[in-house]
Each structure stands twice: as structure tokens, then as C-alpha cells.
Amino acid sequence: MQKNKIKKGVKYCPQCGAELKAEDKFCLKCGYSFEKRKKKVNIKRLIIAIIIIIIAWAALRVITGNTIIPQPILNLITNKTAG
Ligand SMILES: [Zn+2]
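What counts and what doesn't
- Residues numbered from 1 in each chain as written.
- Predicted model: local features only at pLDDT ≥ 70, side-chain atom pairs only at ≥ 80, totals over all residues.
- Heavy atoms only, no water.
- Donors = N, O, S within 2.8 Å, 3.2 Å for Na, K, Ca; no water.
- Tetrahedral: all angles 85-135°; square planar, octahedral: opposite > 155°, others 65-115°.
- Helix = DSSP H or I, 4+ residues; strand = E, 2+ residues; numbered from the N terminus.
- Contact = heavy atoms within 4.5 Å.

(A) Representation of the coordination of the zinc ion within the structure. Those protein atoms acting as donors to the zinc ion are Cys13 (SG), Cys16 (SG), Cys27 (SG) and Cys30 (SG), and they sit at 2.2 to 2.3 Å. Considering all 4 donor atoms around the zinc ion, the spread of angles at the metal, 107 to 116 degrees, places the coordination shape in the tetrahedral class. Positions of the donor residues of the zinc ion along the chain correspond to the pattern C-x2-C-x10-C-x2-C.

This is how it looks when you write it as C-alpha cells:
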């Protein structure tokens, strides 16, 4: 728990100024979403998700024997994730 100078566990809506709980993800008055502010994090997550999907897809190709990616490249990808 962090001590706040203004009020404990309280934040204010940047759009309408309504007093909200610190854990609120959107404004109860105007519906402003605080999630939008975390765009940078979302992009990182998206990149990680895409990498995971590519690896999973590549692994599936190997398992099914329909590999498009050359084996040495596949080994590099799998080695990176294993370590
Ligand atoms: Zn608001």
C-alpha cells in the first residue's frame, strides 16, 4: 500500500474529474478508460504474443512434418525460448 499525499487509494478522472478508486479501470461517470494509457505495455505484450504464436506454429509444423522454415532456423528459434 502506497501513501498518497491527496487521498489514499483515490485517483481522478482526467476527462471529467470524478473521484475514483485507485483500482478502477474506467470512470464510473463518463466511462473514460484508464487502460488506454497502457499502450506501450500492450504493444510489448502483442509482440510477445506474436512471437509465441510463431514459435507454436513452427513447432506444430515440425510435429506434423509440414515444416516450411528450414531446420537450422527452427533450431535457433527453439533454442532461444528454451534458454
Ligand atoms: Zn470521467
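(B) Summary view of the side chain of Ser33. Tracing the backbone through its elements, the reader meets Ser33 in the loop between β2 (19–21) and α1 (39–64). Leaving out residues up to four positions away in the same chain, Ser33 has contacts with Lys25 and Phe26.

(C) A look at the environment of Ile54. Position of Ile54 among the secondary structure elements: in helix α1. As for Ile54 and Ile77, which are separated by 23 residues in sequence, their C-alpha atoms are 9.5 Å apart.

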